[in-house]
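# Structural characterization, general
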Amino acid sequence: MLLATVFVLVIIAVVIGLLFAIGGLILRILYVCCIGLPIAVCISLAGVICCITLIGIPVGLLLFRAAGFVLHPFR
């Protein structure tokens, strides 16, 4: 009886873990499509504008790095 109870609890824990994993994946996809991509594009365009001048190149490179972080903050 105890073994069956432990088995059921393990199965429930695995199912709950899979549900959280699937939910997290869906939320990450929604974030990248709805929030991350538009902001990353805007920051990248600002980086391109900054890299036109010689003085703005360091700022432009920092903006490119920031765009990468906005696109994938979960790494």
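About the cut-offs
Residues numbered from 1 in each chain as written. Predicted model: local features only at pLDDT ≥ 70, side-chain atom pairs only at ≥ 80, totals over all residues. Heavy atoms only, no water. Helix = DSSP H or I, 4+ residues; strand = E, 2+ residues; numbered from the N terminus. Expected span 1.5 Å × (residues − 1). Buried < 20%, exposed > 50% of the residue type's maximum accessible area, 1.4 Å probe, protein only. Arc of directions from axis to C-beta. Patch = residues over 30% accessible without salt bridge, like charges linked within 9 Å, V, L, I, M, F, W, Y side chains within 5 Å. Areas by Shrake-Rupley, 256 points an atom, 1.4 Å probe, with all protein chains shown as cover. Salt bridge = Lys/Arg side-chain N within 4 Å of Asp/Glu carboxyl O. Bend = angle between axes of the 7 residues up to and from the residue. Contact = heavy atoms within 4.5 Å. Axes fitted to C-alpha atoms, helices over the stretch in contact; angles between N-to-C directions. Parallel < 35°, antiparallel > 145°, perpendicular 65-115°, else oblique. Nonpolar A, V, L, I, M, F, W, Y, C, P; charged D, E, K, R; others polar.

### Structural notes on helix α2 (residues 57-71)
The end-to-end C-alpha separation of α2 is 21 Å, in line with the 21 Å expected for 15 residues at 1.5 Å each. Regarding α2, the residues found buried are Gly60, Ala67 and Val70. What you see down the axis of α2 is that its buried residues fit within an arc of 75°, all on one side. With respect to the buried face of α2, the exposed residues turned more than 90 degrees away are Leu61, Leu62, Arg65 and Phe69.

### Re a nonpolar patch on the surface
On the surface, a nonpolar cluster with roughly 920 Å² of combined accessible area is contributed by Phe7, Val8, Leu9, Ile11, Ile12, Val15, Ile16, Leu19 and Phe20. Its location among the elements puts Val8 in helix α1 (residues 2-51).

### Considering α1
For α1, the principal kink sits at Gly36 and spans about 45°; a proline, Pro38, occurs within the next four residues. Listing the buried residues of α1 in full gives Gly36, Ala40, Ile43 and Gly47. Elements that come into contact with the buried residues of α1 comprise α2.

### Overview of the packing of α1 against α2
Remark: α1 packs on α2, axes separated minimally by 8 Å, with the N-to-C direction vectors making an angle of 175°. The orientation of α1 with respect to α2, classified from their angle, is roughly antiparallel. Grouping the amino acids of the contact of α1 with α2 by side-chain chemistry returns 19 nonpolar, four polar and no charged.

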